[in-house]
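Here is what each chain is made of, one letter per residue.
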Amino acid sequence: DTAVSQTPKYLVTQMGNDKSIKCEQNLGHDTMYWYKQDSKKFLKIMFSYNNKELIINETVPNRFSPKSPDKAHLNLHINSLELGDSAVYFCASSQYSGAPGTQYFGPGTRLLVL
Amino acid sequence: DQQVKQNSPSLSVQEGRISILNCDYTNSMFDYFLWYKKYPAEGPTFLISISSIKDKNEDGRFTVFLNKSAKHLSLHIVPSQPGDSAVYFCAASAGAGTYKYIFGTGTRLKVLA
């Protein structure tokens, strides 16, 4: 009964490939997020969806495309992977109430691009 | 331009003593702050929060202090335990109408037995 789950946990792939990471939350939250933690350990927000609507889209290359089929799921598809995409990607969710609310994070997906 | 800074990348403390983790911010619009704890190979887990209408919030061994004039907050852990060894992130948001938090770079706390 994990609150926020991500698959896969590890992903090793070649440059140029396309890959997807899936995220699901069972907390009943209406807002979901994708964060990237790079080698310098910065946790930077990439995208956020509220009720399946994109509300945050930081300066992320358009090779990254989030998709939210419903409130409980937010997937991240990455086209033409590059070496610099290697990082840990965290999904999170919260209940928005006029302010972000406490965010609950998934365990992370460790992406290594060779 | 890092709006939330944790200037100490690491901190070592003896078990039973107080751990003080610091966080500075530059955006005066920030009005809600959180602390997260992160173990290796896991996602960050929420620890404690504070709103700008308060200057202190306490939860068991964890207390967060907010000094708005100095744009500074700190997390106190008393007494520190070996299980507290983790990376601690502070995060800030500009409150109503915003959806995102800005995270600091983290401080690695090591509690020595």
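In case you missed it, the structure is sitting above this.
Residues numbered from 1 in each chain as written. Chains lettered and ligands numbered in written order. Predicted model: local features only at pLDDT ≥ 70, side-chain atom pairs only at ≥ 80, totals over all residues. Heavy atoms only, no water.

1. Regarding the overall build of chain A
And step 1. The secondary structure content of chain A amounts to 0 helices and 11 strands.
And step 2. When the elements of chain A are put in sequence order from the N terminus, they spell out β-β-β-β-β-β-β-β-β-β-β.
And step 3. For the C-alpha atoms alone, the extent of chain A along its principal axes is close to 40 × 30 × 30 Å.
And step 4. A buried classification covers 47% of the 114 residues belonging to chain A.
And step 5. Sequence separation of 24 or more characterises 54% of the internal contacts of chain A that already satisfy a separation of 6 or more.
And step 6. Accessible surface for chain A amounts to roughly 5,500 Å². Of this, 50% is attributable to carbon and sulfur atoms.
And step 7. Of the side chains in chain A, 12 bear a positive and 10 a negative charge, and the two mean positions are spaced by 5 Å. (Helix = DSSP H or I, 4+ residues; strand = E, 2+ residues; numbered from the N terminus. Buried < 20%, exposed > 50% of the residue type's maximum accessible area, 1.4 Å probe, protein only. Contact = heavy atoms within 4.5 Å. Areas by Shrake-Rupley, 256 points an atom, 1.4 Å probe, with all protein chains shown as cover. Lys, Arg positive; Asp, Glu negative; His and termini not counted. Charge placed at Lys NZ, Arg CZ, Asp CG, Glu CD.)

2. Considering the sheet that holds strand 8 (residues 72-77) of chain B
As a general point, the strands of a sheet are linked pairwise by backbone hydrogen bonds and lie either parallel or antiparallel.
All names here are of chain B.
And step 1. With respect to topology, 5 strands assemble into an open sheet ordered 1-3-8-7-6, the strand pairing being antiparallel. In this open sheet, the two strands that pair with only one neighbour each are strand 1 (4-5) and strand 6 (56-59).
And step 2. Here strand 7 (residues 62-67) runs beside strand 8; their pairing, made up of 6 bridges, is antiparallel. Residue pairing for strand 8: L66 is matched across the bridge by L73. (Pairing = 2+ DSSP bridges.)

3. Considering a nonpolar patch on the surface
All names here are of chain A.
And step 1. Taken together, the side chains of V12, L112 and L114 define a hydrophobic patch exposed on the protein surface, amounting to about 270 Å² of accessible area.
And step 2. Position of L112 relative to the elements: it lies in strand 11 (residues 109-113).
And step 3. You can call L112 partly exposed: its relative accessible area is 40%. (Patch = residues over 30% accessible without salt bridge, like charges linked within 9 Å, V, L, I, M, F, W, Y side chains within 5 Å. Salt bridge = Lys/Arg side-chain N within 4 Å of Asp/Glu carboxyl O.)

4. Here's the deal with the packing of aromatic side chains
And step 1. Evaluation of the coordinates by the stated rule reveals 11 aromatic pairs over all chains.
And step 2. Look at F90 of chain A and F105 of chain A: their rings are 6.4 Å apart centre to centre, the planes differ by 85°, and that puts the pair in the edge-to-face class. Linking F90 of chain A in strand 9 (residues 87-94) with F105 of chain A in strand 10 (residues 104-105), this pair joins segments that are 15 residues apart in sequence. Note on accessibility: F90 of chain A and F105 of chain A belong to one class, buried.
And step 3. Here the aromatic rings of Y36 of chain B and F103 of chain B are separated by 5.7 Å at their centres, their planes lie at 45°, and the arrangement is tilted. (Phe/Tyr/Trp six-rings, centres within 6.5 Å; stacked < 30°, edge-to-face > 60°.)

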